[in-house]
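Analysis of the macromolecular model
In case you want the letters, here they are:
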Amino acid sequence: MSIQYGEALADSYGVADSFPKDFGYGEEETDMEDSPAPSDSKPRILLMGLRRSGKSSIQKVVFHKMSPNETLFLESTNKIYKDDISSSSFVNFQIWDFPGQVDFFDPTFDYEMIFRGTGALIFVIDAQDDYVEALGRLHLTVSRAYRVNPEINFEVFIHKVDGLSDDHKIETQRDIHQRANDDLADASLEKLHLR
Ligand SMILES: Nc1nc2c(ncn2[C@@H]2O[C@H](COP(=O)(O)OP(=O)(O)OP(=O)(O)O)[C@@H](O)[C@H]2O)c(=O)[nH]1
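All figures in this text were calculated on a predicted structure; none of them were measured in a lab.

Moving on, we come to the overall build of the protein. When you go through the protein residue by residue, the secondary structure sums to 4 helices and 6 strands. The linear arrangement of helices and strands in the protein, starting from the amino end, is β-β-α-β-β-α-β-α-β-α. Looking at the protein alone, contacts between residues at least 24 apart form 76% of all its contacts between residues at least 6 apart.

This is the structure in structure tokens:
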């Protein structure tokens, strides 16, 4: 099984410069209990991960030209935030930024509907935090999503590596990779590929 992890997202911050300034993004805040509107049929990418892991920062810096410093002032997300990215007929998708604390047992949270229409799920892990809790959440999230829709592409972003030495970066990546896949193997979910 070949598994690769997304390169540290501190690097992705530079990506913002490659997007034109004048994208006319539609913005929408949606309650968890909302049912999907017709425009939700666009290809959908979910951004999930623990609270303060950096999901909104990634979305704002990469797609809205926010400077990394400004992300310090981002408020915690408490609803699903849907962002339409449609710069041309070739680039046309939605990013859904989730609150850190998604409750899969909340009956108003229709995760089956959400996962059914999802193309990719990006799970963000804060490398500067103790990531044991994040790994538990990763496992819960991807195993649920996979059972609903095995076609989803799962990506793990190891984020906030700016404070880590090169050796520590490699060690963190190796450790997260190992533990995440051990958890999947224990649950007989070897077919679920994390990248
Ligand atoms: N050191 C460092 N800090 C970062 C980086 N990216 C984001 N942060 C900081 O992390 C904090 C949380 O970022 P958010 O983007 O709000 O995190 P979130 O995952 O959307 O949080 P919730 O909405 O609570 O789920 C902010 O203070 C950011 O400035 C990074 O690459 N490096």
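On to the layout of surface pockets, then. Over the atoms rolls a probe the size of a water molecule, and its path tells where empty space is left. Each pocket or cavity is described by its volume, and for the largest pocket that value is around 490 Å³. Lining the largest pocket are 23 residues, and of these Arg 52, Gly 54, Ser 57, Thr 71 and Lys 160 lie nearest its centre. Of the residues forming the lining of the largest pocket, the biggest block, 3 residues, is contributed by helix α1 (residues 55–64).

Let us now look at the pattern of salt bridges. With the rule as written, the count across this model stands at 7 salt bridges. Here Glu 171 and Arg 174 are joined by a salt bridge, their closest N and O atoms 3.1 Å apart. Pair noted here: Glu 171 and Arg 174 are both in helix α4 (residues 166–186), with a separation of 3 residues, about one helical turn. Under the relative-accessibility criterion, Glu 171 is labelled partly exposed at 39%.

Let's shift gears to the environment of Phe 90. Tracing the chain through its elements places Phe 90 in the loop between β3 (80–86) and β4 (92–97). For Phe 90, a relative accessible area of 79% gives the class exposed. Sequence separation between Phe 90 and Leu 194 is 104 residues; the distance between their C-alpha atoms is 26 Å.

Cut-offs applied
- Residues numbered from 1 in each chain as written.
- Predicted model: local features only at pLDDT ≥ 70, side-chain atom pairs only at ≥ 80, totals over all residues.
- Heavy atoms only, no water.
- Helix = DSSP H or I, 4+ residues; strand = E, 2+ residues; numbered from the N terminus.
- Contact = heavy atoms within 4.5 Å.
- 1 Å grid on protein atoms, 1.4 Å probe; cavity = no way out; pocket = protein on both sides within 12 Å on 5 of 7 lines; lining within 4 Å.
- Points joined across faces, edges and corners; volume = space filled by probe spheres on them.
- Salt bridge = Lys/Arg side-chain N within 4 Å of Asp/Glu carboxyl O.
- Buried < 20%, exposed > 50% of the residue type's maximum accessible area, 1.4 Å probe, protein only.

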